[in-house]
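# Structure assessment
Chain by chain, the residues run as shown.
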Amino acid sequence: MLNDIPTTKVARAARFAKTGLNVGANYIKHYAKKAVGAESTTEDLHAANAAELYGTLSEMKGSVLKVAQMLAMEKNMLPSAYADQFAQAQYQTPPLSGPLVVKAFRDAFGKSPFQLFDEFEPEARQAASIGQVHFARKNGKQLAVKVQYPGVADSIKSDIRLVKPIALRVMGLNEAQVRPYLEEVETRLLEETDYALELRRGQEIAAQCQELAHLEFPAYYAEFSTPRILTMDWLTGQHLKEFLVTNPAQDVRNQIGQALWDFYQFQFNNLHQLHADPHPGNFLMRTENGGTLGVLDFGCVKDVPQDVYQLFTALLAPETFADETRLAALLSEAGVLRASDAPALRALYLRTMHVSLELVGRPFRQATFDFGDPSYMAALYALGDDLMADPELRKQREPRGSEHFIYLNRTYVGLFALLTELKASVRTQ
Ligand SMILES: Nc1ncnc2c1ncn2[C@@H]1O[C@H](COP(=O)(O)OP(=O)(O)O)[C@@H](O)[C@H]1O
Ligand SMILES: [Mg+2]
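This is a predicted model, so every value here is computed, not measured.

What follows concerns the confidence of the model for the chain. Across the chain, the average pLDDT comes to 82, with 74% of residues at or above 70. Under a pLDDT of 50 for its full length, residues 24–40 has, in the predicted model, eleven contacts with residues more than four places off or in other chains.

Written as structure tokens, this is what we have:
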């Protein structure tokens with residue numbers, strides 16, 4: 001329960017100092033073993049550090065858990081040892097006790113949840129990354145009430161300050177060079193603690209997507225919501241894994257996959273705004289009406305500036321990847337290529353981006369795309385591993401490209417992964 005979690009800043013800092021030391025120790029072991037000629041692979045080192053970092057993060061919970069979860073999505077950006085460890089993050093959160101839930105309501109509304117609703121389940125039905133979700137009823141409606149862990153919003157900044165130097169060191173990055181990227185991620189994480197913002201975005205995007213078929217969004221209730229408590233309709237359905245266990249028919253998978261694809265393409269092309277967290281926990285699936293998809297969690301939304309939209313679209317266009325000059329011009333604009341690059345490095349980036357864009361853009365270049373072919377996702381992951389392993393690219397310590405691409409890439413990789421697990425065949429144009 002909550003008592004076991006170090007909540008004071010000092011205790012949290014101490015945990016991190018400890019992880020910092022242990023991670024350091026793992027490196028020392030690694031290099032010491034090497035020095036005496038013993039076998040200690042880089043994979044061992046990553047696995048040891050990942051376990052260490054993860055152990056500390058799960059003891060701390062709150063925003064750091066969210067960071068870990070995000071990292072897990074970035075399979076292409078992280079050694080697989082970290083991705084595998086961090087993928088567990090969602091399922092490791094201990095619940096907030098009944099009295100603390102009641103206190104959160106009293107602080108927010110001056111009433112207990114039992115007074116506010118006709119019925120309220122004191123035991124959470126689901127864990128959330130920085131809160132938990134309760135079932136309630138009001139005026140005959142079934143409701144989901146997301147209650148944020150007290151103190152999370154305030155501590156997120158200091159958490160990031162603590163995680164940053166360790167993460168930078170473990171991954172060998174330089175603070176000044178990664179600042180725009182970190183700022184982008186920090187902004188999104190801070191936004192996620194604001195349930196009032198989530199309510200507004202959820203309502204707006206749902207309203208704009210109401211013409212799209214086979215999608216379902218909860219209505220949100222402002223009168224029962226605050227920046228730390230979010231009340232909406234309870235949606236029925238199963239998460240992807242449970243849904244797949246029921247062996248849904250191919251037609252149903254296709255219809256749900258199509259709904260998912262259309263939802264993302266519509267947001268990107270028409271709204272220039274994206275639900276940027278295509279984590280399986282954020283979708284509920286049903287076979288009803290040939291396949292229905294419930295969409296949850298507008299905590300992470302990426303606004304796509306007009307110039308970034310044009311650049312991203314141009315990079316994925318079939319004409320681009322057949323035309324080296326055009327590709328080079330767009331990559332310069334995106335900050336991937338620089339005038340100061342030596343010819344060999346420039347050629348390396350061009351080659352790498354050409355391969356990447358060919359692969360990532362493949363679904364967009366066909367009328368229909370069968371995500372059921374597992375070789376596609378395997379090729380995407382293999383590309384990520386190849387890029388990570390490339391000795392020349394590894395020497396480039398500094399990330400390149402627009403920081404706006406972080407959440408765009410994450411969204412599309414996440415979307416492709418969901419469609420692959422669904423084995424959906426989708427009309428992509
Ligand atoms: N409206 C809802 N109806 C049914 N289940 C919900 C609803 N909202 C959230 N949940 C459940 O709670 C989990 C966490 O909620 P979510 O909003 O995704 O939290 P977080 O923002 O922390 O990811 C979801 O994966 C889902 O299982
Ligand atoms: Mg979620």
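Backbone-to-backbone hydrogen bonds pair the strands of a sheet. The strands run either parallel or antiparallel. Strands sit in the order S5-S9-S8 across an open sheet of three strands; the sheet is mixed. Two strands in the sheet have a free side with no partner beyond their single neighbour: strand S5 (215–216) and strand S8 (283–286). Against the sheet, helix H11 (residues 250–271) touches S5, S8 and strand S9 (292–295), its axis set at about 40 degrees to S9.

Taking 1.5 Å per residue as the helical rise, helix H9 (residues 195–208) with its 14 residues ought to reach 20 Å, and the 20 Å between its terminal C-alpha atoms agrees with that figure. Burial in H9 covers these residues: Tyr195, Glu198, Leu199, Arg201, Gly202 and Ile205.

The environment of ligand 1 is formed by 18 residues, the closest being Gln126, Ala128, Ala144, Gly281 and Asp297. Those elements that provide at least two residues to the shell around ligand 1 are strand S3 (131–138), strand S4 (141–148) and strand S6 (229–233). Classifying every residue of the shell around ligand 1 gives nine nonpolar, six polar and three charged.

Another point: the packing of H11 against helix H18 (residues 405–422). As a packed pair, H11 and H18 sit with axes 10 Å apart at the nearest point and diverge in direction by 170 degrees. For the element pair H11 / H18, the angle class is roughly antiparallel. In this structure, H11 uses Arg253, Ile256, Gly257, Leu260, Trp261 and Tyr264 to contact H18, whose residues at the interface are Thr411, Leu415, Leu418, Leu419 and Leu422. Its residues placed into classes, the contact of H11 with H18 shows eight nonpolar, two polar and one charged.

With that out of the way, let us pick up the nonpolar core. Most often, soluble globular proteins keep nonpolar side chains buried together rather than apart. Of all hydrophobic cores here, the largest spans 38 residues; its most connected members are Ile256, Leu260, Leu293, Phe371, Leu415, Phe416 and Leu419. Broken down by secondary-structure element, the contributors of at least two residues to this core are H11, S8, S9 and H18. Counting residues per element, this core draws most heavily on H18, at eleven residues. Residues within four places of Leu415 in sequence aside, it is in contact with Leu260, Tyr264 and Pro278. Core analysis: the next-biggest nonpolar cluster, separate from the first, contains 22 residues, Val101, Ala128, Ile130 and Val145 among them.

What follows concerns the packing of helix H14 (residues 324–333) against helix H15 (residues 343–360). In contact at an axis separation of 11 Å, H14 and H15 are set at 100 degrees when each is read in the N-to-C sense. Accordingly, the angle class assigned to the pair H14 and H15 is roughly perpendicular. On the side of H14, the interface is formed by Leu327, Ala328 and Leu331, while H15 contributes Tyr349, Leu350, Met353 and His354. Across the contact of H14 with H15, the residue classes tally to six nonpolar, one polar and no charged.

Definitions and limits used
Residues numbered from 1 in each chain as written. Chains lettered and ligands numbered in written order. Predicted model: local features only at pLDDT ≥ 70, side-chain atom pairs only at ≥ 80, totals over all residues. pLDDT = per-residue confidence, 0-100. Contact = placed C-beta atoms within 7 Å. Pairing = 2+ DSSP bridges. Helix = DSSP H or I, 4+ residues; strand = E, 2+ residues; numbered from the N terminus. Axes fitted to C-alpha atoms, helices over the stretch in contact; angles between N-to-C directions. Expected span 1.5 Å × (residues − 1). Buried ≥ 20, exposed ≤ 12 C-beta atoms within 10 Å, placed from the backbone. Near = placed C-beta within 6 Å. Nonpolar A, V, L, I, M, F, W, Y, C, P; charged D, E, K, R; others polar. Parallel < 35°, antiparallel > 145°, perpendicular 65-115°, else oblique. Core = buried A, V, L, I, M, F, W, Y, C linked by C-beta atoms within 7 Å.

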